[in-house]
Amino acid sequence: MPFPDLRAAFAALTLSLSTMLNPVLAGDVVDTHSYANSAEVRTSHLALDFEVDFAKSRLKGLAEIQFQRLKPDADRIVLDTRALDVRSAEASVDGTVWTATKFALGSDDAVLGRPLTVMLPAAATRVRIGYFTRPEASGLQWLKPAQTAGKKQPFLFSQSQAIHARSWIPLQDSPAVRATYEARVKTPKGLRAVMSAEMSEQRDAAGRWTFRMPQPIPSYLIAIAVGDIAFHSLGTRTGVYAEPAMLKAAAWEFAETETTVALCEKLFGPYRWGRYDLLVLPPSFPYGGMENPRLTFLTPTVITGDRGLVALIAHELAHSWSGNLVTNATWEDFWLNEGFTEYLTYRLTEAQFGTARGDMERVIGVADLKTDLGLAKSDEDRKLVRAYPSKDPDEVFSTIPYQRGALFLVYLETKFGREAFDAFLRGWFDAHAFQSATSPQFLAFLDEKLLKAKPGVVSQAEIDAWVSSPTLPADAVYASSDALAKVDAAREAWLVGKTPISAMGAGNWTVQEWEHFFEGFPTTASAAQLKELDQTFKLTGNGNAIIASHWYRLAIKAGQTDSVLPAMTEYLARVGRMKLISPIYRALAATDAGRAQANAIYKKLGAGYHPIAQQALERILAGS
Ligand code: BES
Ligand code: ZN
């Protein structure tokens with residue numbers, strides 16, 4: 001029961017005031033996105049117990065938090081929560097005898113949620129919190145059977161990055177805090193639970209699925225999915241989980257995964273997580289992929305039938321080094337996760353499919369970067385490392401930390417040579433394995449191991465420009481792609497009437513070539529040309545979700561929304577991947593009439609989107 005006496009109420013109030021005024025420290029890292037007092041009391045292990053209730057769209061949870069006291073006389077632990085109904089808090093010395101302890105929820109912040117302060121008896125080594133999640137939990141999506149491939153069973157999945165773990169588990173939700181975890185999950189009959197951990201093939205005696213993650217991970221990598229989920233092995237260390245209806249296509253699409261893991265090890269050092277499995281989610285999954293350890297979560301839109309988008313797997317797999325092994329300590333250091341991962345992905349794609357394919361990905365990456373630099377609302381959002389933290393990490397999400405980060409590493413590689421740079425990278429991963437790191441820590445490591453070790457190659461001023469200038473340094477190193485140049489030439493020749501549409505050679509284009517074709521498409525094309533394009537390549541209603549998304553944007557911008565509206569609405573009702581649907585809503589919202597249409601579509605479909613996608617789309621429709 002909250003606030004059983006006035007003293008506890010006062011203690012909780014002063015504490016929530018002090019956390020408001022004074023961002024909480026984890027070691028010497030300031031994480032403004034967490035209330036946790038992890039510099040004083042730090043989580044070391046989580047033992048989680050869930051009952052999945054599809055009828056009420058909620059989890060019944062019991063979360064045990066084992067901790068170390070960095071400050072020996074600390075008398076409370078502060079956890080992050082968001083929209084949780086907390087029912088009980090208990091403390092224990094040995095994990096067998098539990099006694100009720102006082103707790104209080106602080107005031108609610110729209111982005112950060114509410115701090116949960118739990119008082120600690122002197123010898124306590126752990127607390128456990130009994131709670132329910134709410135149907136609107138931002139880190140969970142509860143799907144109706146109609147939103148799945150099989151149409152018969154409901155489905156649940158989590159998305160904890162960046163700060164959504166707290167909406168389904170009360171914990172110290174900071175990437176600077178790492179913990180091992182174990183979990184037990186009770187599901188309805190016929191449904192299987194999977195998590196980002198070692199999994200048992202069968203339920204335990206009490207009918208629960210059990211899990212164990214023996215390596216310490218940050219909270220944003222805790223993940224769960226429940227549904228009609230089947231498994232197909234791809235090799236000794238790899239496999240794919242999917243709804244039965246998707247399993248065969250998924251297994252074919254991702255058949256190269258086992259080889260890719262081996263290649264990664266050759267390039268970046270040992271894979272330290274045991275197995276690497278994939279989980280194909282229903283199409284409302286809001287991202288392309290999410291690097292949950294041992295179990296990458298994937299959008300089904302990567303299953304194109306031609307293995308054309310497997311670079312996305314390479315990206316999530318590369319996070320097993322950059323992100324999961326060495327983790328950004330705060331969300332301001334996000335580029336340490338994503339910029340590194342993009343760079344590693346280019347290297348991997350190049351080694352696996354040759355430099356032409358690698359260069360193609362790089363050119364597309366830079367085009368995305370330029371688009372997002374244009375869309376960014378402030379110079380602060382354009383920098384690799386912000387001078388002050390963002391309020392909401394989801395709101396400033398863009399390809400800037402990805403591509404600017406990757407370009408920075410490409411620049412360093414070019415300056416110091418591949419051999420020296422590869423040794424440096426491995427050194428970074430080895431020295432910080434299973435730790436979280438800040439941008440200043442990386443820059444100090446860079447200074448010591450490369451700048452000072454090889455003086456006169458790169459100056460501190462050049463590094464500063466990469467890190468804190470909103471514009472791209474003039475000496476950035478860009479790739480070029482013959483294949484994409486050919487696409488430009490083909491588009492141009494057709495548009496000016498020099499050659500017929502059949503001469504473009506688009507029948508053999510990869511998805512990347514199509515993306516490039518659309519990205520460079522001028523607004524001056526005629527209605528007849530768009531019609532010819534659509535008829536020749538059956539773009540309206542196209543089965544490739546990436547091509548379809550680009551086509552709908554183009555049609556909207558050309559003022560031809562009505563001709564694609566039924567197919568586009570069906571698409572927007574099915575697909576929830578933000579990268580594909582946000583630009584469609586944004587294109588619609590660019591005119592008054594379009595905005596009205598977008599609002600009408602969203603009113604109908606909004607409830608079917610993931611809570612994180614709903615937030616992003618509502619921002620677009622509000623014009624912010
Ligand atoms: N970790 C990200 C996804 C993410 C980022 C989720 C920030 C929540 C907050 C993942 O690794 C990613 O980058 N996915 C990309 C894949 C792409 C760059 C190949 C995506 O979803 O599009
Ligand atoms: Zn990533």
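Residues numbered from 1 in each chain as written. Chains lettered and ligands numbered in written order. Predicted model: local features only at pLDDT ≥ 70, side-chain atom pairs only at ≥ 80, totals over all residues. Heavy atoms only, no water.

A look at the sheet that holds strand β20 (residues 276-280)
What counts, and what does not: A pair of strands counts as paired when DSSP detects no fewer than two bridges linking them. Strands are runs of DSSP state E lasting at least two residues, helices are runs of H or I lasting at least four, and both sets are numbered from the N terminus onward. Only heavy atoms matter for contacts: two residues are in contact if any of them lie within 4.5 Å across the pair. Helix axes are fitted to C-alpha atoms over the stretch in contact, other axes to C-alpha atoms as well, and angles between N-to-C directions run from 0 to 180 degrees.
Read across the sheet, 5 strands follow the order β18-β19-β20-β22-β21 without closing on themselves; strand pairing throughout is mixed. Sheet topology places β18 (230-233) and β21 (289-290) at the edges, where each strand pairs with a single neighbour. Where β21 lies against strand β22 (residues 295-298), 2 bridges are found, and the strand directions are antiparallel. Each bridged residue has a counterpart across the sheet, and for Gly289 the counterpart in β22 is Leu298. Contacting β18, β19 (238-242) and β20, helix α2 (residues 244-253) runs over the sheet at an angle of about 145° to β19.

Things to note about helix α18 (residues 592-605)
Inclusion rule: Under the convention used throughout, the expected extent of a helix is 1.5 Å for every residue step, that is, one less than its residue count. A 1.4 Å probe rolled over the protein chains alone gives each residue an accessible area, and that area as a share of the maximum for its type sets the label: buried under 20%, exposed over 50%, partly exposed in between. Directions drawn from the helix axis to the C-beta atoms are what define this arc.
Between its terminal C-alpha atoms α18 stretches 20 Å, which fits the 20 Å expected from 14 residues at 1.5 Å a residue. The set of residues buried in α18 consists of Gly594, Ala598, Ile601, Tyr602 and Leu605. Taken end-on, α18 shows its buried residues confined to a sector of 100°, consistent with a single buried face. Pointing more than 90 degrees away from the buried face of α18 are the exposed residues Asp592, Ala593, Lys603 and Lys604. Structurally, α18 contributes buried residues whose contacts are with α16 (561-574), α17 (578-588) and α19 (611-621).

Some remarks on unusual backbone geometry
The omega torsion across Gln161 and Ala162 is 0°, close enough to zero to call that bond cis. Relative to the helices and strands, Ala162 resides in the loop between β12 (155-158) and β13 (178-186). In this model, Lys538 sits at a positive phi of 50°, which is unusual for a non-glycine residue. Looking at the secondary structure, you find Lys538 in the loop between α14 (527-537) and α15 (545-557).

Notes on the packing of helix α4 (residues 311-318) against helix α5 (residues 334-353)
This is how it is decided: Oblique is the label for every angle not falling under 35 degrees (roughly parallel), over 145 degrees (roughly antiparallel), or within 65 to 115 degrees (roughly perpendicular). Less than a right angle of anticlockwise turn of the near helix away from the far helix marks a crossing as left-handed, whereas a clockwise turn marks it as right-handed. Residue type decides the class: Asp, Glu, Lys and Arg count as charged, Ala, Val, Leu, Ile, Met, Phe, Trp, Tyr, Cys and Pro as nonpolar, and the leftover types, Gly among them, as polar.
Interaxial distance between α4 and α5 falls to 8 Å at its minimum, and their mutual angle equals 125°. One element, α4, and the other, α5, form an angle in the oblique class. The two elements α4 and α5 meet at a crossing, and its hand is right-handed. Side by side, α4 and α5 meet where Ala311, Ala314, His315 and Ala318 of the first sit next to Glu338, Thr341, Glu342, Leu344, Thr345, Leu348 and Thr349 of the second. By residue class, the composition of the contact of α4 with α5 is 5 nonpolar, 4 polar and 2 charged.

Brief notes about the coordination of the zinc ion (ligand 2)
We count it as follows: Think of the donor list as every N, O and S atom within 2.8 Å of the metal, or within 3.2 Å for Na, K and Ca; water never makes the list, so a site can look incomplete. Square planar and octahedral assignments, for four and six donors respectively, both demand that opposite donors be over 155 degrees apart and that all other angles lie between 65 and 115; tetrahedral needs four donors with all angles between 85 and 135 degrees, and anything else is irregular.
Of the protein atoms, only His315 (NE2), His319 (NE2), Glu338 (OE) and Glu338 (OE) coordinate the zinc ion (ligand 2), at distances of 1.9 to 2.7 Å. Coordination at the zinc ion (ligand 2) comes from 6 donor atoms whose angles at the metal span 53 to 162°, giving a geometry best classed as irregular. Coordination of the zinc ion (ligand 2) draws on donor residues from a single chain, spaced H-x3-H-x18-E in sequence. Under the relative-accessibility criterion, His319 is labelled buried at 0%.

Concerning the nonpolar core
Formally: Note on terminology: a nonpolar core comprises buried Ala, Val, Leu, Ile, Met, Phe, Trp, Tyr and Cys residues joined through side-chain atoms within 4.5 Å.
Membership of the largest hydrophobic core comes to 194 residues, with the highest contact counts inside it found for Phe254, Phe408, Leu533 and Tyr585. Of the residues forming this core, the biggest block, 10 residues, is contributed by helix α8 (residues 400-416). Each residue touching Tyr585, except ones within four places of it in the same chain, is listed here: Leu572, Ala598, Ile601, Tyr602, Leu605, Tyr609, Leu617, Ile620 and Leu621.

Notes on the site of ligand 1
Let me state the cut-off plainly: Here, proximity means that at least one heavy atom of the residue falls within 4 Å of the molecule or strand. Polar contact is defined as a pair of N or O atoms within 3.5 Å, subject to the rule that within protein one atom must be able to donate a hydrogen and the other to accept it, and that residues adjacent in sequence are counted only when both atoms are side-chain atoms. Using a 1.4 Å probe, the Shrake-Rupley method yields the accessible areas, and only the shown protein chains count as cover for residues.
Close to ligand 1 lie 17 residues; Gln161, Gly288, Glu291, Glu316 and Tyr402 are nearest. In the model, a nitrogen atom of ligand 1 is placed 3.2 Å from a nitrogen or oxygen of the Gly289 main chain. A distance of 2.6 Å is found between a nitrogen atom of ligand 1 and a side-chain nitrogen or oxygen belonging to Glu291. If ligand 1 stood free it would expose 510 Å²; the protein chains cover 90% of that surface.

Side note on the pattern of salt bridges
The condition is simple: Take a side-chain nitrogen of Lys or Arg and a carboxyl oxygen of Asp or Glu: if they are within 4 Å of each other, that pair is a salt bridge.
Enumeration over the complete set of coordinates arrives at 30 salt bridges. Here Lys452 ties to Asp447 by a salt bridge, and the two come within 2.6 Å at their closest N and O atoms. Connected through shared salt-bridge partners, Glu350, Arg362, Glu413 and Arg418 make up one network.

Here we look at the packing of aromatic side chains
Where we set the bar: When two rings of Phe, Tyr or Trp (its six-membered ring) have centres within 6.5 Å they constitute a pair, described as stacked for plane angles under 30 degrees, edge-to-face for angles over 60, and tilted for the intermediate range. Remark: a charge is flagged as sitting over a ring if the NZ atom of Lys or the CZ atom of Arg is within 6 Å of the ring centre and within 35 degrees of the ring normal.
Tallying each qualifying case throughout the model produces 38 aromatic pairs. Each ring, one from Phe231 and one from Tyr241, has its centre 4.7 Å from the other, and the planes form 50°; the classification is tilted. Of this pair, Phe231 sits in strand β18 while Tyr241 sits in strand β19, and the two are 10 residues apart along the sequence. Assessed through its relative accessible area of 32%, Phe231 is described here as partly exposed. For Tyr241, a relative accessible area of 3% gives the class buried. Centre to centre, the rings of Trp335 and Phe408 are 5.8 Å apart; their planes meet at 50°, and the pair counts as tilted. With Trp335 in helix α5 and Phe408 in helix α8, the pair connects residues that are 73 residues apart, well separated along the chain. Trp335 sits in the buried class, given a relative accessible area of 0%. The class for Phe408 is buried, based on a relative accessible area of 0%. Three or more aromatic residues joined by ring pairs make a cluster, and in this case those are Trp335, Phe340, Tyr343, Phe408, Tyr411, Phe421, Phe424, Trp428, Phe442, Phe445 and Trp466. Seen from the ring of Trp252, Arg307 lies directly overhead, with NZ or CZ sitting 3.8 Å from the centre.

What is shown is where atoms sit, not what they do.
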